[in-house]
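Here are the chains, one letter per residue:
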Amino acid sequence: MPTLSLADLATTLNATLIGDGTRTVSACNTLMDATPDQISLLHNAKYAKELETTKAAAVIVSPGIVKSFTRAPGLPELAFLEAKNTYFAWQQAMVRLHGQRTHQNVGISPQAVIHPTAKLGHNVSVHPFAIIGENVTIGDNVHIYPHVTIMHDSTVGNDCVLYPHVTLYESCTIGNRCLINASTVVGSDGFAYAQANGIHHKMPQPGTIILEDDIEVGCHSVLERGALAPTRIGRGTKIGGHVFIGHNCQIGIGNIIISATCISGSANTGKYVVIAGQVGIAGHLDIPDFVKIGAQSGVMVNPEPNTEIVGTPAMEAGLMKRIVLNQMRLPELAKRIKELEKQVEKLSPKSAG
Amino acid sequence: MPTLSLADLATTLNATLIGDGTRTVSACNTLMDATPDQISLLHNAKYAKELETTKAAAVIVSPGIVKSFTRAPGLPELAFLEAKNTYFAWQQAMVRLHGQRTHQNVGISPQAVIHPTAKLGHNVSVHPFAIIGENVTIGDNVHIYPHVTIMHDSTVGNDCVLYPHVTLYESCTIGNRCLINASTVVGSDGFAYAQANGIHHKMPQPGTIILEDDIEVGCHSVLERGALAPTRIGRGTKIGGHVFIGHNCQIGIGNIIISATCISGSANTGKYVVIAGQVGIAGHLDIPDFVKIGAQSGVMVNPEPNTEIVGTPAMEAGLMKRIVLNQMRLPELAKRIKELEKQVEKLSPKSAG
Amino acid sequence: MPTLSLADLATTLNATLIGDGTRTVSACNTLMDATPDQISLLHNAKYAKELETTKAAAVIVSPGIVKSFTRAPGLPELAFLEAKNTYFAWQQAMVRLHGQRTHQNVGISPQAVIHPTAKLGHNVSVHPFAIIGENVTIGDNVHIYPHVTIMHDSTVGNDCVLYPHVTLYESCTIGNRCLINASTVVGSDGFAYAQANGIHHKMPQPGTIILEDDIEVGCHSVLERGALAPTRIGRGTKIGGHVFIGHNCQIGIGNIIISATCISGSANTGKYVVIAGQVGIAGHLDIPDFVKIGAQSGVMVNPEPNTEIVGTPAMEAGLMKRIVLNQMRLPELAKRIKELEKQVEKLSPKSAG
């Protein structure tokens, strides 16, 4: 890991330095665990108390927060890096000090199987036991890890990483700078059968799938190919592990789709939609721009743009909160109804008579 | 893709042609996107308006629907293919015009590892880096894609396809015409431990697993072997991706089990059960014939045959709908109870006194 | 399978034999299916009726249950093995009669790729097409099945089994006697991005992951590496298939985590926590010792130690049961409120006037 002065780091982070710019740091760490050669982050104001005792050399903070605490006696001075977007500043510091995973350039392994018609760009690494099929095109600076299978007629853009055991079915298109994590499958058939005479007849799935640029997909996800038109995942969308995206889905740009979410076939999302973990989205829905969907929700109707929804069936988060609070009071509400009935019975003329 | 006359296609689909049988088509497409050399489908009456403007040569429709719309002026004539089971007719048209995925016959790769005791049928393709273990039997016309592992004593029937990265643990039996998609695992151990002295002692799982004929399994599913008797998946059942079927389950024929569903150990299903996505079914339940289970349901008691259930805990769909509607009114119901209490308080003699 | 006398078996199981100790058995089976050379188990008192008719030679039972039934006439005598922990006795009998899966010692396959800097212990089996990276250390008696990828700087302890298609990302630590089932991924990146200018910037994940001793992980699970400090899975914890454990989680010892559960980043569990299937646990929670979480629960706040929780949002199981019972009565409760309103309206002076 490199050693950087706080002044240098402040420039990288586009942050305002309060403190001694000549002091050096070589790693990032939590407020609690940081040592005097490390920087830290105050991401949530409720941890501000830890500023009083952290041993970090400097902490990334929001502007103005510095005045709100008193440093514990006997501790060395603490510098601050004020940044408007503290989490982004932290990410920049992490990249500077720790870096992203590096990938060794191993060239083309003689133990890989590459079809003679496949076209590989410059500076491509193909690890042992990878398979590259007929008419496949691979861009420049791509890393193809062991046990990757790329079936015929697929295309992978520049600067991509395909981790071990990734499978691309035939005719998939992967854009530039995409990271596909271990064991993820792209381009398998949509789940569609026509029932007749007690038999489920498999519907052909000749559509393809397009991943645009700058997409990351976690481990063990399944992105189905289209039935006719291609399934499409928009630029810059980040997908977690165990995610399932059905055939024909049109996923917008910059989406965040967290682990174990299932998006049924022909559902579409707008831009910057955020979908938490274990969510289910019914087929053929349209999720508009900037919608946020809470964990484990079951989305059964189209939400309004820019709303936050949660629950099964998913509804506006504030309404759902009120419903849940009242659900927790249900045993009590039931008792109060019974009590009311008794009182009304007493008050009624018949009982009075 | 082939080019077919509408008359020829009508014969294939067992459909009644209304229109010019000499006109030819070469592909299927949606009503919206179809071009004059394509056929389309009206699967849902609510899209009937698109019949007025589609550029398709012909549309597959239910008998009688043709009279219910007026074609927009200036568009070419539209033919109809009337079929009782429109979705099956569409599947037949898709097969005729687009076909199912074809699999190149690559023979036995010298880079596959096949145990000398394994028996392979006629016309088997084994791709590079596949492993076929001791005493394995493979039928005729089977395609074994790269990175498949078949452990010892397993059997695969005729006309099967095992896609990349499929794992069969030892002693699995796969029937004829089964399609196992990428990375699915068959025959792993059931999850069972006996706790004693603070240690979870692994229960041996010597049972096996039998997949009958005509089964398709999606990507990344896990079908566990039995603890004693074999787990069994019935003929013609179709299973999606990320599905988990526990040890000892007896799954009936013709089931449809959609993505990310978990069926716990020793649960059984009857015939033609339909289980939507992300469902959980508790262990040791019996799901009778023709039951339909809605997405994300948690099934905790045995449903009645031929019913539709939904929710957690799952109950009859109509009842659940009424419950959900009332849940949405809960904040209002709570207010009304409070209001009633005030009014009754006013009416009661004590308050009057 | 071996043949054992009941006397011998009673010693193994530390059970009290009631009956003929010279009789022999060679397998375990259910009460219903057992033959006269097999033993069986009465695990649940509600199946005690099957003791009247089972053909087993002997049955493992809790002390004292023998008096509670009458054997059907004409059947051979039935012996009993009384044990305090019947399920553990059954597990011991299963191990004695059926055994755990055995793994053939295949040595180091010439078709595996092992980096020259990797260190392998004694008696290691490395199957074809496995990859062992730079600076990897493997202990003694380890079985590495086909298509396993172990990336650089990872460590695997003694007596481990890595089933086909397991991926270990770089710098993972696996303890002794761990079983990692097919296609599971250990050490992939946590899902973390800092959004700035419409771009999700990937947060480096330099942390690692430590699996302590005696852990089993099912198929297709994903255990993420830490962002800074390592993710840790405690000794003796058993994890099912399709489980997702996020970055930085500290999972305690002896946990049972069943299929398709998602534990979000930085959540911690105490010792002997039991988490049923399809559960979601929010990030940064602390689940204390001995907590039991019901299937499909969504845990959003820290539960109390030693409690049982269920539902979404998860709450104490008894409360949740009462809530669910009242939810099922909701349509009826709503009607009763309406009825009360009518009656109160009639009783109120205005209506009277």
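Quick caveat, the model's predicted, so the values are computed rather than measured.

Asker: Any details on the overall build of chain A? Residues and values, ideally.
Answerer: A count of helices and strands for chain A gives 5 helices and 39 strands. Relative to a compact globule of 353 residues, whose C-alpha radius of gyration would be 20 Å, chain A shows 27 Å and is clearly more extended. Per-residue burial over chain A gives 57% buried out of 353 residues. Across chain A, the fraction of contacts at a sequence separation of at least 24, relative to all contacts at a separation of at least 6, is 19%. A total of about 14000 Å² of accessible surface is found on chain A, and carbon and sulfur atoms cover 54% of it. Distance from the positive charge centre (27 side chains) to the negative charge centre (28 side chains) of chain A: 9 Å.

Asker: Please provide a residue-by-residue account of the interface of chain A and chain C, values included.
Answerer: Across the contact, 61 residues belong to chain A and 69 residues belong to chain C. Carbon and sulfur atoms supply 67% of the area buried between chain A and chain C, which totals about 4800 Å² over both sides. The salt bridge involving Arg101(A) is made with Asp189(C); its shortest N-O contact spans 2.9 Å. Our count for the contact surface shared by chain A and chain C stands at 24 residue pairs in polar contact (both at pLDDT 80 or more). Put simply, the parts of the chain that give the side of chain A that touches chain C at least two residues each are α2 (86–97), β27 (238–239), β30 (256–257), α3 (317–328) and α4 (330–347) of chain A. No other element matches the 9 residues that α4(A) contributes to the side of chain A that touches chain C.

Asker: Got a sec to walk through the relation of the copies chain A and chain C? Specific residues and values, please.
Answerer: Once chain A is rotated about the relating axis by 120 degrees and shifted along it by 0.0 Å, it coincides with chain C to within an RMSD of 0.0 Å. The superposition operator between the copies reduces to a three-fold rotation axis.

Asker: Could you give an account of the interface of chain B and chain A, with specific residues and numbers?
Answerer: Reports often express the size of an interface as the amount of accessible area lost when the parts come together. Facing 61 residues of chain B, the contacting portion of chain A comprises 69 residues. Interface area for chain B against chain A, summed over the two sides, is near 4900 Å², with a carbon-plus-sulfur share of 67%. Where chain B touches chain A, the interface holds 4 salt bridges. With its nearest N and O atoms 3.1 Å apart, the salt bridge here joins Arg101(B) to Glu170(A). Where chain B packs against chain A, one counts 25 residue pairs in polar contact (both at pLDDT 80 or more). The dominant element in the side of chain B that touches chain A, judged by the number of residues it contributes, is helix α4 (residues 330–347) of chain B, at 9 residues. Here the residues of the side of chain B that touches chain A are counted per class, giving 31 nonpolar, 25 polar and 5 charged.

Asker: For the packing of aromatic side chains, give the residues involved together with the corresponding values.
Answerer: Across all of its chains, the model carries 15 aromatic pairs over all chains by this definition. Ring geometry for Phe191(A) and Tyr193(A): centres 5.1 Å apart, planes at 80 degrees, overall edge-to-face. Between Tyr145(C) and Tyr163(C), the aromatic rings sit 5.4 Å apart at their centres with planes inclined by 10 degrees, giving stacked as the arrangement. Taken as a pair, Tyr145(C) in the loop between β13 (143–144) and β14 (149–150) and Tyr163(C) in the loop between β16 (161–162) and β17 (167–168) lie far apart in primary sequence, 18 residues in all. Just as Tyr145(C) is buried, Tyr163(C) falls in that class too. Put simply, the rings of Phe129(A), Phe129(B) and Phe129(C) pair up and form one aromatic cluster.

Asker: Outline the pairing of strand β6 (residues 58–61) of chain C, supporting the account with residue identities and numerical values.
Answerer: All names here are of chain C. Burial along β6 is two-sided: Ala58 and Ile60 and Val59 and Val61, pointing in opposite directions, are all buried. Of the strand pairs in this sheet, strand β5 (residues 38–41) and β6 are connected by 3 bridges, and their pairing is parallel. Residue pairing in the sheet places Ser40 in a bridge with Val59 of β6. Sheet analysis places β6 next to strand β7 (residues 79–82), joined by 4 bridges and oriented parallel. Each bridged residue has a counterpart across the sheet, and for Ile60 the counterpart in β7 is Leu81.

Asker: Describe the domain arrangement of chain A, listing the residues and the values that go with them.
Answerer: All names here are of chain A. In terms of domain boundaries, chain A breaks down into domain 1 (4–98), domain 2 (113–318) and domain 3 (319–352). For domain 2 versus domain 3, the separation of C-alpha centres amounts to 50 Å. With 8 residues of domain 2 at the interface, the matching set in domain 3 holds 5 residues. Between domain 2 and domain 3 lies a buried interface of about 430 Å² when both sides are counted; carbon and sulfur atoms form 65% of it.

Asker: Can you break down the packing of helix α1 (residues 6–13) of chain A against α2(A) residue by residue, with the values?
Answerer: All names here are of chain A. For the pair α1 and α2, interaxial distance at closest approach is 9 Å and the crossing angle is 125 degrees. Considered as vectors, α1 and α2 are oriented oblique to each other. By crossing handedness, the relation of α1 to α2 is classed as right-handed. Residue-level inspection shows Asp8, Leu9, Thr12 and Leu13 of α1 in contact with α2, the latter providing Ala89, Gln92, Ala93, Arg96 and Leu97.

Conventions used here
Sequence order as written defines the numbering, with residues in each chain counted from 1. Chain letters start at A and ligand numbers start at 1, both assigned in the order the entries are written. Reporting in this predicted model follows two pLDDT cut-offs: at least 70 for local features of residues, and 80 or more for side-chain atom pairs to be given and counted; totals over whole chains, interfaces and linings ignore these cut-offs and use all residues. To get the side-chain values, all heavy atoms of the structure are used, and hydrogens and water are removed first. For the purposes of this entry, the term helix denotes a DSSP run of H or I that reaches at least four residues, the term strand denotes a run of E that reaches at least two, and both are numbered from the N terminus. Within these notes, the globule rule equals 2.2 Å times the number of residues to the 0.38 power, and the radius of gyration is based on C-alpha atoms. Burial classification: accessible surface area is computed with a 1.4 Å probe over protein chains only, and a residue below 20% of its type maximum counts as buried, one above 50% as exposed, and the rest as partly exposed. Here, residues are in contact when the closest pair of their heavy atoms is within 4.5 Å. Where accessible areas are quoted, they stem from the Shrake-Rupley method and a 1.4 Å probe; at the residue level, only the protein chains shown are allowed to cover. This count recognises Lys and Arg as positive and Asp and Glu as negative, with His and chain-terminal groups excluded. Where a charge lies is defined by one atom per residue type, namely NZ (Lys), CZ (Arg), CG (Asp) and CD (Glu). Summed over both partners, the accessible area lost on bringing two parts together, with a 1.4 Å probe, is the buried area. By convention in these notes, a salt bridge is any Lys or Arg side-chain nitrogen within 4 Å of a carboxyl oxygen on Asp or Glu. N or O atoms within 3.5 Å of each other form a polar contact, as long as, within protein, one can give a hydrogen and the other can take it, and as long as residues adjacent in sequence are counted only when both atoms are side-chain atoms. Copies are brought into register by a least-squares superposition over C-alpha atoms of residues with pLDDT of at least 70 in both. Classes in brief: Ala, Val, Leu, Ile, Met, Phe, Trp, Tyr, Cys and Pro nonpolar; Asp, Glu, Lys and Arg charged; the others, Gly included, polar. Between 30 and 60 degrees the pair is tilted, below 30 it is stacked and above 60 it is edge-to-face, where a pair is any two Phe, Tyr or Trp rings, Trp via its six-membered ring, whose centres lie within 6.5 Å. Pairing between two strands requires that DSSP report at least two bridges joining them. Reported domain spans reflect what an automatic or database domain assignment gives. Comment: axis = line fitted to C-alpha atoms, over the contacting stretch for helices; angle = value between 0 and 180 degrees taken between N-to-C directions. Roughly parallel means an angle under 35 degrees; roughly antiparallel, over 145; roughly perpendicular, 65 to 115; everything else is oblique. Handedness of a crossing follows from how the near helix is turned relative to the far one, being left-handed for an anticlockwise turn of less than a right angle and right-handed for a clockwise one.

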